[in-house]
Amino acid sequence: MSKTDWAYLSNDLVYGALFVYTIAFIIYTYETAFAVKANKEGSSSEIDRTKTAKSGRIATFVYAIATIVLLLGVVARGVSAGRVPWSNMYEFSITGALTFSLAYLIVGRKYDLRWLGLPISIAVLLILGTAITLLYRPTAPLVPALKSTWLVVHVAAAILSGGVFLLSNTIAATYLWLDSMERKGERSAFAKRLPSLEVLDQLSYRLVAFVFPLWTFAVIAGAIWAEAAWGRYWGWDPKETWAFITWILYAAYLHARVTAGWKGRKAAWLCLLAGSTYLFNYVWVNVWGTGRHTYSGL
Amino acid sequence: MSAPELQGISLLRYLWRQLTSMRTALILLLLLGLASIPGSVFPQRTQSPLKVREYFENNPSGAKLMDRFYLFDVYGSPWFSAIYLLLFISLIGCVIPRSWHYFREIFKAPTPAPSSLENMEGFQQLDGKLSDAEKWLKKNRFRIARSGKTIAAEKGYLRETGNLVFHLSLIVVLLGIAGSSVFGMRGEAIINVGERFINTPTSYDNLAPGRFFSIANLPPFTIKANNFDATYDPETNAPLDYTLTVTTQDAIDAPLIKRTVKVNEPLTFGSTRVYLQANGYSPLVTVKDKTGAVKFEGPVPFLPQDANLTSIGAIKVPDMDPQIGFVGSFLPTAARDKVRGGFSSFPELLDPRLLVSVWKGDLKMDTGVPQSVYRIDTDEMERIGLWALRIGETYQFEVGSITFNGVIPWVNLQVVRDPGKQYALFGSILAIIGLMISLFIRQRRIWVREVNGKLEIAGLALNRLPGLEDEIHRMVTEMKGAK
């Protein structure tokens, strides 16, 4: 197969993944709607999952298939370019959607996250949709500054951290939403099936604590690379500055939790703020920003 | 008279305690993040001095006001430095007493059990013997203290070590960065291919030594640029590869070594590294006066303005009477449209063109005011000609002629001595290791008490990591199985 064939194959697979994710999204929607109905009919306090368990399992299975198709799409993109597929925003986005989905599926093996399926599939559809429509660029060779083993190490660590940060953000946002609902009174029928606030609080913390060393490593690997490519390991380039801000906020979050005993609402807001700086860094610095992290258009 | 003095000391002590409190440290940490934002919004002198100048031209009064608050030098500003210095003092004030406390803790027995275990985590009651519980805890390498009918056990002391290592290594990183800026240097030089760079202060276009860096310590290496190859993607015009081949000497009489330099592969001379940072073209020109005498000859580096290396530059010939200056643009692949006029459509030399406008008058090179080599102040000069030259062509003007002989590439070498970077790297690696230890190791206490012939077991997860309840369950099952 020629490079162009691989590029076409990759595009087809990414489109295919988008299609399969849409099916998963529809089943998740059905499952959610059905669960709401079941909860309304059944006893008001009990969370009834048995009736929706099957459709939930099917949705997650379809979601996993979509993720495998996306994985193949990312790999084919890499083969067509003859390198890791991490040199522009389109490639970051499809890989980011992949790590986000993988984080959801992997964490879901240990904790019951099926209730997250609907918001997660919406998020992935948005990421992939933006990537395909706005960010798409044909595969191009690397510019000299990117020709380094550190591309693999630094970008892999950054994208992986991003996927987990995003998942933790989704959970923290859910926490805040449910919390405001509970403060006003009872949870709505839809929300009754979601886990308790305490579980959400713990889960988003654990995800951050797990991935924070990896994010630290991503920043340090970037510094080592910058030393080789640009002659300085830290230069307050906008991307570096915002990576630093994200790092600081998550560090503050961990301190606040472990040492100062923050929990619940305050902690969730801080977590959400920290995760937003990651997203801001990704979108703003790449699209509107200046500095040395902007390559090849986008 | 001693009362106010004491007050002073107690005030200081109070301030110190405030500064080194966790709350202050957290606030300072968040402030540091907040303070670094403006540097990513406004252009910074250290990164893009040209954009700062543009800012001043577009909005002089606003820029002046912003400059007063160091908004163009955020990361070197007094307020930014104040925040991180306070943060590090706070950190040191936090970490050192804690290390000492922890050091003594190592030799102490585990914390005694609380009076009631019922409210602790994983509380269980079972029939069993205290000695079995002790055996299990010993086997699982808990540190144990038994007093009467109570056992206090603790495990995972390493977590606190990791925590301290992490914070101490941040101090190492900061010292490394400080060391680099004080004992290091960085400088830039543009050299034409074929020329030799000798590492002396005068060879630099700009040189920024650290406060304690002695210029006499510049290592005496030389670099001769033999060849520079740049390849570009024919479809996207993006660069594919830059390769510079050089001949280096570590000292004047040292052996000659052939080496290559690429963007990610700098040259290393001891603790000094040389980076390939930018490249462009130098048109080769000859300027003659009316009599045909050569007044200027050689390559003139032009400054690229875009990705296709449309470049601008100036050729100054003060030896002619009147003085002559050429304001030029160089196009490696000439193209033209109505909006931009002449521009380059590809970065390689496919159809090179040198556009010059000829000015006569005073070049003002004797005024002592530093001038840009790429620009001419034409305010008090008169334009006497305008022409586009291909290679080999000559343009005759009122008082002489200019010939465009050819083009050679130039490269911008960045020379950096960064003696603190090993320490910063060492500190960073240590920080990650410490961080992982402190986040992933569970420090927990387990207490066992015999009450009315039954055993009560409960514990406390000090860093709130999950797993303690499972562990207590396992302990209970294994104790039962052992019987």
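Throughout this description, residue numbers start from 1 for each chain and increase along the sequence as written. Here every chain gets a letter starting at A, and every ligand a number starting at 1, in the order they are written. It should be noted that, the model being predicted, local features are given only for residues of pLDDT at least 70 and side-chain atom pairs only at 80 or more, the latter also being counted only at that level, while totals for whole chains, interfaces and linings use all residues. By convention in this description, side-chain values take in all heavy atoms of the structure and omit both hydrogens and water.

Draft legend 1. Structural context of the packing of aromatic side chains. A pair of Phe, Tyr and Trp rings is counted when the ring centres sit within 6.5 Å of each other, with Trp represented by its six-membered ring. The angle between the planes then sorts it: under 30 degrees is stacked, over 60 is edge-to-face, the rest tilted. Under the counting rule described, the total for this entry stands at 37 aromatic pairs over all chains. Ring centres of Tyr75 of chain B and Phe80 of chain B lie 5.3 Å apart, and the angle between their planes is 90°; on these two criteria the pair is classed as edge-to-face. Look at Tyr75 of chain B and you get buried, because its relative accessible area is 12%. Ring centres of Phe80 of chain B and Tyr84 of chain B lie 5.9 Å apart, and the angle between their planes is 70°; this geometry places the pair in the edge-to-face category. Here Phe80 of chain B and its partner Tyr84 of chain B are both found in helix α6 (residues 78-106), four residues apart, which amounts to about one turn of the helix. Each residue is placed in one exposure class: buried if its accessible area under a 1.4 Å probe, protein chains only, is under 20% of its type's maximum, exposed if it is over 50%, and partly exposed if it falls in between. Using a relative accessible area of 2% as the deciding quantity, one classes Phe80 of chain B as buried. The class for Tyr84 of chain B is partly exposed, based on a relative accessible area of 25%. An aromatic cluster of at least three residues, connected via ring pairs, comprises Trp234, Trp236 and Phe244 of chain A together with Tyr75, Phe80 and Tyr84 of chain B. Whether a charge sits over a ring depends on NZ of Lys or CZ of Arg being within 6 Å of the ring centre and within 35 degrees of the ring normal. Between the NZ or CZ atom of Arg259 of chain B and the centre of the ring of Phe269 of chain B, over which it lies, the distance is 5.1 Å. Put simply, DSSP marks the helices as runs of H or I at least four residues long and the strands as runs of E at least two long, and each gets a number from the N terminus on.

Draft legend 2. Just the sheet that holds strand β3 (residues 150-155) of chain B, in detail. Residue and element names in this part refer to chain B. Taken together, five strands build an open sheet; the order of strands is β1-β23-β22-β3-β2 and the sheet is antiparallel. Across the chains shown, the open sheet's two edge strands, defined by having one partner strand only, are β1 (121-127) and β2 (143-147). Taking the axes of each pair of neighbouring strands and ignoring which way they run, one obtains an average angle of 15° across the sheet. One ladder, built from five bridges, connects β1 with strand β23 (residues 454-461); its direction is antiparallel. Following the sheet pairing, Gln124 is matched in β23 by Ile457. Each pair of strands is called paired provided DSSP finds at least two bridges between the two strands. Whenever a helix is involved, its axis is fitted only over the stretch in contact; in every case the axis is a line through C-alpha atoms, and angles between N-to-C directions fall within 0 to 180 degrees.

Draft legend 3. Region of interest: the interface of chain B and chain A. It only takes one pair of heavy atoms within 4.5 Å for two residues to be counted as in contact. Facing 47 residues of chain B, the contacting portion of chain A comprises 50 residues. When two parts are brought into contact, each loses some accessible area as probed by a 1.4 Å sphere; the total of that loss over both is the buried area. Roughly 3,900 Å² of surface becomes buried between chain B and chain A when both sides are summed, with 68% attributable to carbon and sulfur atoms. Interface area lost by chain B to chain A is led by Ser40, Asn264 and Arg464 of chain B, which between them contribute 15%. In the sections that follow, a salt bridge refers to a side-chain nitrogen of Lys or Arg positioned within 4 Å of a carboxyl oxygen of Asp or Glu. Where chain B touches chain A, the interface holds two salt bridges.

Draft legend 4. Quick peek at the domain arrangement of chain B. Here chain B is partitioned into domain 1 (8-93), domain 2 (109-156 + 442-481), domain 3 (182-279 + 414-419) and domain 4 (280-409). Each of domain 1 of chain B and domain 3 of chain B was reduced to a C-alpha centroid, and the two centroids are 33 Å apart. For every domain, the bounds stem from an assignment made automatically or drawn from a database.

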